[in-house]
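# Survey of secondary and tertiary structure
Read off the chains here:
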Amino acid sequence: MNKEEFSPMQLDVLKELANIGGGNAATAISQMVGKFINMSVPTIEILRYDEIYQKIMGEEVEVIAVSLRMMGEAHGNFLFVCTEENAEKLVKMMLPPDFQMNEEIEYSAVSELVNIVVTSYLNALSRLLDISLFSSVPAITADMFGAILSYAYIENEQYDDQVMIIKNEFMYDGAKVDSSLYFIPRPGVLENLFQKIGV
C-alpha cells in the first residue's frame, strides 16, 4: 500500500498526530536539556519498501539508527535514522558547548532523544484513541541504511509492505538538523487506526 491509496484527509490526520507528538517531544527535550529546541514535521510519506531507496536514501549510505518496537493494542517497529554528521549535530544541541563528547555519550543522547520522540507520538495516539500503546527500550546501531532497514522490516514476518516515513526537523539557535522516523506497521494497523478515528 502506498500514499496514493490513502485519502488526503487520512494523511492530514497522520500529519496532525505527528505534529502534536512532535510538539510534546520538543517540550520534553527542551525541559531535559534546559534550552529551547524546536521540532517540526514538514512531510509524511507512505511508501512501499522498494520505493524507499529510490525516493529517500540509498542502500549504501552509512547511518546511525535507533529502533524501538511499538507494543500494546497495536504493533510495529519505529526506526529513527540520520547520518553520523546529523547525529553529532543533534547531540551538540542537547549538550553544553564545552562538553567532551565520545561515542558512548553520543549514542546515549541520541537514544534518549528518540525514546522521547516515539513516546510522545504514542502518547498522543493513545489519548486520541483511548488505547494502550508503549515502546520497547531503544537499541542503537551504525551500519548501511539498506542493512538496517532490511533487518527492521523482516524482523517479524507479519510486517506489511508499507512504511510510513515522518520527516523530522530539529532546530536550535538558527541551526537545523534533518532526520527521518520510519514506522513499519503490522498488517492492518494503519487501516484500523483510521477506522477508530473515523476517517
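Residues numbered from 1 in each chain as written. Predicted model: local features only at pLDDT ≥ 70, side-chain atom pairs only at ≥ 80, totals over all residues. Heavy atoms only, no water.

## Observations concerning the overall build of the protein chain
Counting its regular elements, the protein chain contains six helices and eight strands. Along the protein chain, helices and strands appear, N-terminal first, in the series α-β-β-α-β-β-α-α-β-β-α-β-β-α. In terms of its C-alpha atoms, the protein chain occupies a principal-axis envelope of roughly 50 × 35 × 30 Å. The buried share of the protein chain, reckoned over its 199 residues, is 47%. Taking contacts inside the protein chain between residues at least 6 apart in sequence as the whole, the part at least 24 apart equals 72%. About 9800 Å² of surface is accessible on the protein chain, with carbon and sulfur atoms providing 50% of the total. Between the centroid of the 13 positive side chains of the protein chain and the centroid of its 29 negative side chains there is a distance of 5 Å. (Helix = DSSP H or I, 4+ residues; strand = E, 2+ residues; numbered from the N terminus. Buried < 20%, exposed > 50% of the residue type's maximum accessible area, 1.4 Å probe, protein only. Contact = heavy atoms within 4.5 Å. Areas by Shrake-Rupley, 256 points an atom, 1.4 Å probe, with all protein chains shown as cover. Lys, Arg positive; Asp, Glu negative; His and termini not counted. Charge placed at Lys NZ, Arg CZ, Asp CG, Glu CD.)

## Things to note about the packing of helix H1 (residues 8-33) against helix H4 (residues 103-129)
Put simply, H1 and H4 touch, their axes get as near as 8 Å, and they point 135° apart. Looking at the two axes, H1 sits oblique to H4. H1 and H4 meet at a crossing whose hand is right-handed. Only Glu112, Leu113, Ile116, Val117, Ser120, Tyr121, Ala124, Leu125, Arg127 and Leu128 of H4 make contact with H1, whose side of the interface consists of Leu17, Ala18, Ile20, Gly21, Gly22, Asn24, Ala25, Ala28, Ile29 and Met32. (Axes fitted to C-alpha atoms, helices over the stretch in contact; angles between N-to-C directions. Parallel < 35°, antiparallel > 145°, perpendicular 65-115°, else oblique. Left-handed = near helix turned anticlockwise from the far one by under 90°.)

## Things to note about the pattern of salt bridges
By the definition in use, this model includes four salt bridges. Within the structure, one salt-bridge network assembled from shared partners comprises Arg48, Glu51 and Lys55. (Salt bridge = Lys/Arg side-chain N within 4 Å of Asp/Glu carboxyl O.)

## What to know about the environment of Val137
As for its position among the elements, Val137 is in the loop between strand E5 (133-135) and strand E6 (139-144). According to the relative accessible area criterion, Val137 is exposed, its value standing at 71%.

## Details of the pairing of strand E8 (residues 175-185)
The element E8 is largely enclosed, with a buried count of eight among its eleven residues. Examined bridge by bridge, strand E4 (residues 76-82) and E8 share six bridges and lie antiparallel to one another. Bridging from a neighbouring strand, Leu79 pairs with Tyr182 of E8. For strand E7 (residues 163-172) and E8, the ladder comprises nine bridges, and the chain directions are antiparallel. In the sheet register, Phe170 faces E8, and the bridge partner there is Val177. Between E7 and E8, which pair antiparallel and follow one another directly, the connecting turn spans two residues, one of which, Asp173, has a positive phi of 55°. (Pairing = 2+ DSSP bridges.)

## Some remarks on the nonpolar core
Soluble globular proteins tend to pack their nonpolar side chains together in the buried interior. Counting 52 residues, the largest nonpolar core has Phe80, Leu113, Val117 and Phe170 as the members making the most contacts within it. For this core, the element with the highest residue contribution is H4, accounting for twelve residues. If sequence neighbours within four positions are ignored, Phe80 has contacts with Ile64, Ala65, Val66, Leu90, Leu113, Val114, Asn168, Phe170, Ser179, Ser180 and Leu181. Formed by 17 residues, the second largest nonpolar core is a distinct cluster that contains Met57, Leu79, Ala152 and Val163. (Core = buried A, V, L, I, M, F, W, Y, C linked by side-chain atoms within 4.5 Å.)

## Observations regarding the side chain of Ser136
Residue position: Ser136 is located in the loop between E5 and E6. The exposure class assigned to Ser136 is buried, which follows from its relative accessible area of 9%. At 2.9 Å, the side chain of Ser136 and the backbone nitrogen of Arg69 are in polar contact. Once you skip the residues sitting within four places of it in the chain, Ser136 turns out to touch Leu68, Arg69 and Met71. (Polar contact = N/O pair within 3.5 Å; in protein donor to acceptor, adjacent residues only side chain to side chain.)

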